[in-house]
Amino acid sequence: TLPFIRSYIEWLSEALNSTDPSYRLTNIQKLWLGFCMTGILLTNSICWQRYERMSFGSWMLGALSWMFRQSKLNWDKLLVTSVKVILSKHGIKKGELEIDDTDRERSKNAKKLYKLGKQKDKKSGGYFNGQSILFLLLVTEKVSIPVGFVFYEMDPALRAWEKSDKRLRKKRVKKKYRTERPKRNGNYPTKNELAIGLVKDFNASFGAIEIRSIKADALYGTGVFMDSTKSLYTNSQVISQIRSNQIIEVNNQEYHVDNYFKGRVEIKSTMVIRGGKKEVIYYSSVIGKVKAHGKKRLIIALKYEGEANFRYIIAADMTWRVQDVLASFSLRWLVEVFFQDWKMYEGWGQLTKHVGAEGSRNSLILSLLFDHCLLSHPTQAAMIKDNLPLHTVGSLRNKLSVQSLVQVFQYILAQPDPKEY
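Here is a short report on the structure shown in this document. (Residues numbered from 1 in each chain as written. Predicted model: local features only at pLDDT ≥ 70, side-chain atom pairs only at ≥ 80, totals over all residues. Heavy atoms only, no water.)

Digging into the packing of aromatic side chains
Counting across every chain of the model gives 24 aromatic pairs. Every member of this aromatic cluster is reached through a ring pair, and the members are Tyr114, Phe135, Phe149, Phe151, Phe338, Phe339, Trp342 and Trp348. Here the guanidinium or amino end of Lys89 rests over the ring plane of Trp11, the centre of that ring lying 4.1 Å away. (Phe/Tyr/Trp six-rings, centres within 6.5 Å; stacked < 30°, edge-to-face > 60°. Lys NZ or Arg CZ within 6 Å of the ring centre and 35° of its normal.)

Right, here's the structure in full:
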């Protein structure tokens, strides 16, 4: 196990013990966690068979699996404590919350994985069998930290009804002859409900962190989402998007939002985004009532230079300047950066087949702990301290893989008979 992984696990154990003296990581649990994080680093997977081969049989598949299932690790507490460790080590006291969802494609033959379902393929327009996950990301001036997640599954009865209703509408069957929409099963909450739950959990665990804004895409641009999150952080901004055909009311007249802004003069401006890069933007704004929300919002039409169409942003706090809302909204791309790194380099997105709710949840937490562990690496810590861009996860993993290999050679050479060993 590399030194920075051991250090991170010691910090984690000390933080657990300081918040709850009755709970601590045992030596075996520390050793197992360190080995698993080394396994993610070297194999880019969470797979006990690969780990057994990687260790040349020092750790057996059965033992690794037993520790994962039976060692009584409090995984949720591990994740919360790990976030606290990173916040404390880097002196982070404020940030912005980003909410987004991503899908992980699985085999068509998969049956036992948690919350499997038919997912829309955004690239091809088709469908695939997979898992859908909502993430909550804390974006700060120094780092972006995954702080929460939840699996989503659509109500199977509702999905079947939508499929049937769509087929009947294509055949032009009148509504009175079609089956009524079934009530949603409480065991299958909507993405909006899950997102609000994530923000509530973060508020309960990290109430001391100052949140400047909460952002989500058009899927979460509902009145319930914006009002619920605003009530949790009354001094914060809530920013989302609405569809181009949504109805707004301005000066007692109703418009489709895109039609309203077609008659407006757009303003050309330059905006500095994260990293110091300048972008030319065109925007227009108005304070108007969003009919679906039943209340007024700050509504902004925005497009970047080279884009043909506007996107429509709404903000709950109408006292903010338009430029400040746009600057905050520009950080949305950091969620996509996290998704890219997490899927490609942090184990769970490459090979993870642990069945059941515990298997999927706990292995995903293990992957996020590895993400936090990389943020604690001395090289990254030095870059953060000097306000410099961090190394990418891919480049850091490559360096650490070489370092791990060198450490193996050093260990062999330190034996009484290196050649025999």
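Details of empty space enclosed by the protein
The full count for this structure, using the stated rule, is one cavity of 30 Å³ or more. If you add up the space inside the largest cavity, you get close to 30 Å³. Together, Phe261, Arg264, Val265, Glu266, Ser284, Ala301 and Phe310 line the largest cavity. Within the lining of the largest cavity, the residues separate by chemical class into four nonpolar, one polar and two charged. (1 Å grid on protein atoms, 1.4 Å probe; cavity = no way out; pocket = protein on both sides within 12 Å on 5 of 7 lines; lining within 4 Å. Points joined across faces, edges and corners; volume = space filled by probe spheres on them. Nonpolar A, V, L, I, M, F, W, Y, C, P; charged D, E, K, R; others polar.)

Some remarks on the nonpolar core
Counting residues in each nonpolar core, the largest one holds 52 residues, and the members touching the most others are Trp32, Trp75, Phe135, Phe149 and Leu364. Among the nonpolar cores identified, the runner-up in size contains 48 residues, and Ile92, Val150, Ala316 and Leu375 belong to it. (Core = buried A, V, L, I, M, F, W, Y, C linked by side-chain atoms within 4.5 Å. Buried < 20%, exposed > 50% of the residue type's maximum accessible area, 1.4 Å probe, protein only.)

Observations regarding a positive patch on the surface
On the surface, a cluster of positive charge is contributed by Lys118, Lys163, Arg167 and Lys171. Of note, Lys118 is situated in strand 2 (residues 116-120). Taking relative accessible area as the criterion, Lys118 reaches 42% and is therefore assigned partly exposed. (Patch = residues over 30% accessible without salt bridge, like charges linked within 9 Å, V, L, I, M, F, W, Y side chains within 5 Å. Areas by Shrake-Rupley, 256 points an atom, 1.4 Å probe, with all protein chains shown as cover. Salt bridge = Lys/Arg side-chain N within 4 Å of Asp/Glu carboxyl O. Lys, Arg positive; Asp, Glu negative; His and termini not counted. Charge placed at Lys NZ, Arg CZ, Asp CG, Glu CD. Helix = DSSP H or I, 4+ residues; strand = E, 2+ residues; numbered from the N terminus.)

Some remarks on helix 14 (residues 393-413)
An α-helix turns once every 3.6 residues. As a result, residues three or four positions apart point the same way. Along its 21 residues, helix 14 runs 30 Å from first to last C-alpha, staying within 8% of the 30 Å computed at 1.5 Å per residue. Taken together, the buried positions of helix 14 are Val393, Gly394, Leu396, Arg397, Leu400 and Ser404. For helix 14, the angular spread of buried residues about the axis comes to 145 degrees, placing them on one side. Relative to its buried face, helix 14 has exposed residues pointing more than 90 degrees away, namely Asn398, Val402, Gln410 and Leu413. Where helix 14 is buried, its residues touch helix 1 (3-19), helix 2 (27-43), helix 11 (333-345), helix 12 (356-375) and helix 13 (378-385). (Expected span 1.5 Å × (residues − 1). Arc of directions from axis to C-beta. Contact = heavy atoms within 4.5 Å.)

Looking at the pattern of salt bridges
A full pass over the atoms with the stated rule returns 19 salt bridges. Between Arg297 and Asp227 there is a salt bridge, with the nearest N and O atoms lying 3.2 Å from each other. Of this pair, Arg297 sits in strand 11 (residues 295-304) while Asp227 sits in helix 8 (residues 223-232), placing them 70 residues apart in sequence. Salt bridges sharing common partners tie together Glu96, Glu98, Asp100, Arg212, Lys215 and Arg332.

Some words on a nonpolar patch on the surface
Nonpolar side chains collect at one region of the surface, where Leu405, Val408 and Phe409 lie side by side and expose about 280 Å² of accessible area between them. Mapped onto the secondary structure, Val408 falls in helix 14. For Val408, a relative accessible area of 41% puts it in the partly exposed group.

A short note on the packing of helix 1 against helix 12
Taken N-terminus to C-terminus, the directions of helix 1 and helix 12 make an angle of 110 degrees; their axes are 10 Å apart at the nearest point. As far as their axial angle goes, helix 12 and helix 1 are roughly perpendicular. Along the contact surface, helix 1 presents Phe4, Ile5 and Tyr8, while helix 12 presents Leu369, His372, Cys373 and Leu374. (Axes fitted to C-alpha atoms, helices over the stretch in contact; angles between N-to-C directions. Parallel < 35°, antiparallel > 145°, perpendicular 65-115°, else oblique.)

Some remarks on the pairing of strand 11
Extensive coverage of strand 11 is indicated by the burial of eight of its ten residues. Looking at chain direction, strand 10 (residues 278-290) and strand 11 are connected through ten bridges and run antiparallel. The residue bridging Val286 from the neighbouring strand is Ile299, located in strand 11. One ladder, built from five bridges, connects strand 11 with strand 12 (residues 311-315); its direction is antiparallel. Across the sheet, residue Leu302 finds its bridge partner in strand 12, namely Arg311. In textbook terms, the turn of a hairpin is the stretch between consecutive antiparallel strands, and for strand 11 and strand 12 this stretch comprises six residues, one of which, Gly306, has a positive phi near 100 degrees. (Pairing = 2+ DSSP bridges.)

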